[in-house]
Structure formats: structure tokens, C-alpha cells
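Observations on the three-dimensional arrangement
Each chain is listed here by its residues.
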Amino acid sequence: MRPGAARLEPWVLMSPALALLAAVTALPMLYVVWLSLQQRALFRAAQFTGFDHYFRLAGDGRFWNALGNTLYFALVSVAMELALGLAIALLLARAGRARALIYGAVLVPWAIPTVVSARMWEWMYQPELGVLSFLAGRPVNWLGDAALALHAAIAMDVWKSTPFVALLLLAGLQAIPRELVHAAALDGAGAWTTFRRVTLPLLAPVILVAAVFRSIDALRVFDAIYVLTGGGPANATETLSIYAYRVLFQMLDFGYGSALAVVVLAITGMAALAYARLLRGGIE
Amino acid sequence: MRRPGLWLGLAAVCAWSLAPFLWQLLTSVKPAAELEALPPFLPGAITLVHYEAIFAGHPFARLLLNSFIVSALATLLALGFGSLAGFALAKLRPPGRAATLAAVVALSMLPPVATVSPLFLLASAAGLRDTLVGLVLVYAGFALPLAVWLMAQFFRGVPDALYIAARVDGCSAAGAFVKVMLPLAVPGLTATGLLVFVFCWNEFLYALTLTSSMAARTVPVGIALFPGLHEVPWGEIAAGSVIATLPPVALAIVFQRRVLAGLTAGALKG
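What counts, and at which threshold
- Within every chain, residues take consecutive numbers counted from 1 along the sequence as written.
- Chains carry letters and ligands carry numbers; both start at the beginning, A for chains and 1 for ligands, and go up in the order they are written.
- For a predicted model such as this one, the threshold for reporting local features is a pLDDT of at least 70, and the threshold for listing and counting side-chain atom pairs is 80 or more; totals across whole chains, interfaces and linings nevertheless cover every residue.
- Note that the side-chain values use all heavy atoms of the structure and ignore hydrogens as well as water.
- Here the limits of each domain have been adopted from an automatic or database domain assignment.
- Throughout, a residue-residue contact means that at least one pair of heavy atoms, one from each residue, lies within 4.5 Å.
- Here the quantity called buried area is the accessible surface, traced with a 1.4 Å probe, that two parts lose on coming together, added over both.
- Definition of nonpolar core: a set of buried residues of the types Ala, Val, Leu, Ile, Met, Phe, Trp, Tyr and Cys, connected through side-chain atoms within 4.5 Å.
- Note on exposure labels: buried denotes an accessible area under 20% of the residue type's maximum, exposed denotes more than 50%, and partly exposed covers the range between, all computed with a 1.4 Å probe on protein chains only.
- A run of H or I in DSSP becomes a helix once it reaches four residues, and a run of E becomes a strand once it reaches two; helices and strands are each numbered from the N terminus.
- Patch members must show over 30% relative accessible area and no salt bridge, and they are joined within 9 Å when carrying like charges or within 5 Å when they are nonpolar side chains of Val, Leu, Ile, Met, Phe, Trp or Tyr.
- Per-residue accessibility takes into account occlusion by the displayed protein chains alone, with areas from the Shrake-Rupley method and a 1.4 Å probe.
- The rule for a salt bridge is simple: a side-chain nitrogen of Lys or Arg has to be within 4 Å of a carboxyl oxygen of Asp or Glu.
- Using a grid of 1 Å spacing that covers the protein atoms alone, one calls a set of points a cavity when a 1.4 Å probe fits there but cannot get out, and a pocket when the set is open and has protein on both sides within 12 Å along at least five of seven lines; lining residues are those with an atom within 4 Å of a point.
- Grid points are joined across faces, edges and corners, and a volume is the space filled by probe spheres set on the points.
- Residues are grouped as follows: nonpolar covers Ala, Val, Leu, Ile, Met, Phe, Trp, Tyr, Cys and Pro; charged covers Asp, Glu, Lys and Arg; every other residue, Gly included, is treated as polar.
- Whether two aromatic rings pair depends on their centres lying within 6.5 Å, for rings of Phe, Tyr and Trp, where Trp uses its six-membered ring; planes under 30 degrees apart make the pair stacked, over 60 edge-to-face, and the rest tilted.
- Any Lys NZ or Arg CZ found within 6 Å of a ring centre and within 35 degrees of that ring's normal is scored as a charge over the ring.
- Nitrogen and oxygen atoms within 3.5 Å of one another constitute a polar contact, given that in protein one can donate a hydrogen and the other can accept it, and given that sequence-neighbouring residues count only through two side-chain atoms.

**Some details on the domain arrangement of chain B**
Where interface size is quoted, it is often the accessible area lost as the parts come together. Residue and element names in this part refer to chain B. What the domain assignment lists for chain B is domain 1 (1–47) and domain 2 (49–268). Between domain 1 and domain 2, the C-alpha centre-to-centre distance is 31 Å. Contacts between domain 1 and domain 2 engage 11 residues on the former and 11 residues on the latter. Of the roughly 770 Å² buried between domain 1 and domain 2, counting both surfaces, carbon and sulfur atoms make up 68%.

**Observations concerning the nonpolar core**
Of all hydrophobic cores here, the largest spans 187 residues; its most connected members are A:W110, A:Y226 and B:Y139. Looking at this core element by element, the count peaks at 15 residues for helix α7 (residues 146–174) of chain A. If you count residues domain by domain, this core takes at least three from each of domain 1 (1–47) and domain 2 (49–268) of chain B. What B:Y139 contacts, discounting residues up to four positions off in sequence, is B:V70, B:A74, B:F199, B:C200, B:E203, B:Y206 and B:A207.

**Looking at a nonpolar patch on the surface**
Residues A:F134, A:L135, B:F41 and B:L42 make up a contiguous nonpolar surface patch of about 400 Å² in total accessible area. You can see A:F134 is positioned in helix α6 (residues 131–136). Judged by relative accessible area, A:F134 falls into the partly exposed class, the value being 35%.

**Here we look at the layout of surface pockets**
Residue and element names in this part refer to chain A. Space inside the largest pocket adds up to approximately 690 Å³. Those elements that provide at least two residues to the lining of the largest pocket are α7, α8 (178–186) and α9 (191–219). At five residues, α9 tops the list of elements feeding residues into the lining of the largest pocket. A per-class count over the lining of the largest pocket returns 10 nonpolar, four polar and three charged.

**With respect to the packing of aromatic side chains**
Evaluated as defined, the whole model comprises 27 aromatic pairs over all chains. Centre to centre, the rings of A:Y125 and A:W142 are 6.0 Å apart; their planes meet at 45°, and the pair counts as tilted. Taken as a pair, A:Y125 in the loop between α5 (114–124) and α6 and A:W142 in the loop between α6 and α7 lie far apart in primary sequence, 17 residues in all. The same class applies to A:Y125 as to A:W142, namely buried. Each residue in the set A:F222, A:Y226, A:Y245, A:F249, A:F254, B:F120 and B:F204 is aromatic and connected to the rest through ring pairs, giving one cluster. Across the ring face of A:Y256, the terminal group of A:R56 is positioned such that the distance to the ring centre comes to 3.5 Å.

**Overview of the side chain of A:S133**
All names here are of chain A. With respect to the secondary-structure elements, S133 resides in helix α6. Residue S133 is classed as buried on the basis of its relative accessible area, which comes to 4%. If we ignore the near neighbours within four places in the chain, the residues touching S133 are M124, Q126, P127, R138, P139, V140 and W142.

**Examining empty space enclosed by the protein**
Per the counting criterion, the structure on display carries four cavities of 30 Å³ or more. Its volume calculated, the largest cavity comes out at about 1,400 Å³. In this structure, the largest cavity is lined by 40 residues; those nearest its centre are A:W110, A:R214, A:D217, A:R220 and B:F199. Classifying every residue of the lining of the largest cavity gives 27 nonpolar, six polar and seven charged.

**Some points on unusual backbone geometry**
Residue and element names in this part refer to chain A. The amide bond that connects G232 to the next residue, P233, takes the cis arrangement and shows omega of -10°. As for its placement among the helices and strands, P233 is situated in the loop between α10 (223–228) and α11 (240–249). For L252, which is not glycine, the phi torsion reads 55° and is therefore positive. Among the structural elements, L252 can be located in the loop between α11 and α12 (254–280). Under the relative-accessibility criterion, L252 is labelled partly exposed at 32%.

**A few points about the side chain of A:E122**
Structurally, A:E122 can be placed in helix α5. If near-sequence neighbours (up to four positions away) are discounted, A:E122 is found in contact with A:L143, A:V227, A:L228 and B:W234.

**Things to note about the interface of chain A and chain B**
Each partner contributes residues to the interface: chain A has 84 residues there, and chain B has 91 residues. Both faces combined, the contact of chain A with chain B buries some 8,000 Å², and carbon together with sulfur accounts for 82% of it. The three residues of chain A that bury the most area against chain B are A:L13, A:R119 and A:W123, which together make up 10% of that side's buried surface. Here chain A and chain B share one salt bridge between them. In this structure, A:E9 engages B:R167 in a salt bridge whose closest nitrogen and oxygen atoms are separated by 3.8 Å. Taken together, the connections running from chain A to chain B amount to eight residue pairs in polar contact (both at pLDDT 80 or more). Sorting elements by how many residues they give to the side of chain A that touches chain B places helix α1 (residues 3–36) of chain A first, with 18 residues. Partitioned by chemical class, the residues of the side of chain A that touches chain B number 69 nonpolar, seven polar and eight charged.

Structure (C-alpha cells):
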């Protein structure tokens, strides 16, 4: 075979994947930026308006509300998922023979479609008939109360996503050499000191990866809130993805909606950059 | 840790993970009258009326069929394209492979809402809106970064000697891929395929925006837009939820080790 052809070979093999990626992810990503610079109602002619939509964002209270909700949702849910996930991972690491059974149970929330788990929680959150109101001893309007609704969505997300965090941290725990833990014990360190001084520092890179992964996911939250509250009551649970969806497909304003989508892209992009940094920082 | 404490903790973890699903399962077999008060917790009699209703009154079978077709085809497409690309990156080592892989990983973090407006317009222009083909292409494209990444990881673990021996014996790169590498890659393909299938089965935002009728609507959209005339049909929603949950949960439990390997490899290997 000629050397030129050999050099082309890998690119030929990669071309189907690269072509599909370009068509459904890379090009649409550029196209959405272009859309955001236009005045464009669906089914009407487009008009170039430059950065108008981005200036409009600055004065749009509903946008700032959605941004705040998104950041609050991501911060609280990821923090809880990490704390709970770490506790569960430490338990699972000691599970011994029951391990396979327990992994199976823990994988259930991960495997259930988000929309379905939101429906399950919606039923449990029913003010009159829901099991959570029964447990609370009185009817609570979990999803209809502006102060409670976002927290109700967070609780569902924590239930759904903690297994992923726990399993990731468990893999990290199992990669820690046993000798290190034994050595600490031989030196007379108690369980807590060993955890603080040996396990936690060695686990830190994996915790960071889990945090970034979950943040990227939480910052674009859509499915759970769409089903649970639709963004209500009174926009109390409206996140950026929900707001963008409503502007795009309910108000049919593709220009401004695309600008909101670009903001979501920029925010998750920053989280992704953090992840790239971590990887280069040398995680095995 | 002392044993009783450990078992108590593990039991609590299992209960917390399974309780919402079990509650939904109970709800799905309760007679309608018993859904209007709490307690009783346990159904007085087990009934399948809600299951009958979703198949009779609502075209749930069509939703299931659409979901199966879209998820299976998208998984096959992502596996085919992804393993070719992963093999080329890991074994042919073209210049620029690090940058290519980095770009692919970056695309995997793309929030769906960011491309939902362009994809809606593109799919409309191409006549692919509200078609299964349109969803298959979008899902395969969105699953590809994960597939390429996992398969590249996997092929990196296959000894170069095997690949070189095939080439010395006169195979082309493509021939060596099909005859030698692909059979070795079955565990990697299974793990990747499972993750991609579950991802496609559960996807919601694209399915919601790119479909408008039963022609291409999938199960999550059907569950989210569950029709209720006067009051919410909780029993039927519960029945639909249980059925929608079975395929991904069964796959995850049966192929537990492969799923775990794929999940952690996808996130941890730098």
C-alpha cells in the first residue's frame, strides 16, 4: 500500500463517526449561535439583529430568576449527592458477599428514565393522597408551594443521581492500595484519622471528577422539572433549560430562545473546561 | 465498622433506592377506589385494570415499539461508527488523535437544550421531523462521543502484537479490525451498547421537541404527556411507569458488571 493511503486510513475509518458528529452536534452548535443573533419567530422570515438578545438578557428578570434557580439546584443537589454518595460508597466497600445484590438495588434509580422517576415522585408528592404527606402527618403541597417546590425537585434528583456518584467513588476507593490503609492502622491511627488523612486525600481526584460530571448534568436540568412542576409555581422552579424550552416551543421565539440556549451552553462549557483541567492534572 | 451497623446501613441504602419504584408498583396494581385514600398501603386485591387500560385506551404498545426501534437502531449505529473510530484512534495512532479525542469528549458534555432549536429547524428542512429516522440519527450522534471514548479505551488495552500480526499476515487495517479486533472487543461492545441503549431509552428533550404524533413518539414522552380528562389517572401512569422502567432496569441488573465497568471507565480513565 502506498504511504499516502496508509496515512489516510485512520481518517477513512473515523469518517462515519466524524460526519455524524458534525451533522447532529458540532454544526447545530454553531447554528444556535447564529440563530441567537437573529430576530426569528418560527415560520417567519429572519432578520439579523446582532447582540440585541444578549443585551435583552441583562434586563430580563425572568432570566436572572432562572439562572439563580439553576445554580441553586446544581449547587445543593451536587453537594448532597457527593456527601450521600461518599457515605454509600464507604458502606458498599465493606459489603462483602452481598455486594452483587446491593449493586443491583443501587443501579435501579440510575436506570429508571428521569421522566418516569419524576412521575413516581410526583405521585409521592401528592398533597392529599401522596405517601410523603402521610408521613408528614398532614397534607403538604410539596410541588405547589414556591418555597418547597425547588427542594422537592432537588430531592428527586438526589435520589436519582446519588447511585452514579456512589459507584464512581466506590471504584475510586477500590483503587486505593490496601497497604496504605493498613500502614496507617499499624501506626496507631484510628478509623476517622485514617479516613481523613489517607482515604480522603487519595480519593479527592475522583470526588472532583464526580462533582464536575454531576454539575454538568445538573446545570442543564430539564426532564425532572418539566414533569414535576413545569417550572411553576410562579416560575419558582424555572431553570434555564426550562425557560429556553418555553421561549422556543411555547412562545415560538427562536432568536431569543437560542440566546438562552447559548447561555446554558456557555455555563456547562465552563464546567467542562474545569473537567479538562482535572484530566490534564493527571488522574489515572 | 461493627457488623450490625453495617447491615443496617446497607439495608437502608437498598430501601431508599427501591422504595419509590416499589411504591409505584403497588400503585399500579391497586383497584382505582383504593387510590383515593391513604392508608391502606397494601392493595386489598391485586388488579391489572390499569395495565389493560394503557394498552386499550392509549396506544402504549406503539410508544414501546417506537422506543425499541429508535434505541436499538441508534445503539447499533453508535457501536458501528464508534468502534471504527475508537479502533483508528487507539491502534492506527493518526497525528492529531489527542485533539480529536478531546473534541469528541467536549461534544459529550453538550447540553441537549443548546442544540434543540437548530435540530428542530434542520430536521424540518430535511423532512425528518416526527420520524423514527430523525430520532435515530440524533440519538446516535449524541451517544457517539461516549461510544468512541469507551471503545478507544478498550482497544488501547488490546496488545498491539495482535494487530501487527494480522497486518503482517496480509490483512488491511479494515480487515484486521473486522477479523481480529472486533471479536476481541465483544466485552467492550456490550458495556458500551448497554450504556447507549439505556441513554436512548431514557432520552426526553429531543423526543419531546422532534416528534409531534404517534408516528415517532417514544415512551418517556408518552409518560410525560399522559392524557387525563378530568383527573390525573395515577393508576395508569403507575402501570406505564413500571413497564417503561423494566427494560433499562432489567439490562442494568443482568449485565451489572459490564454496566459498572462502562460507567466508571467513561468517567475515570483520563
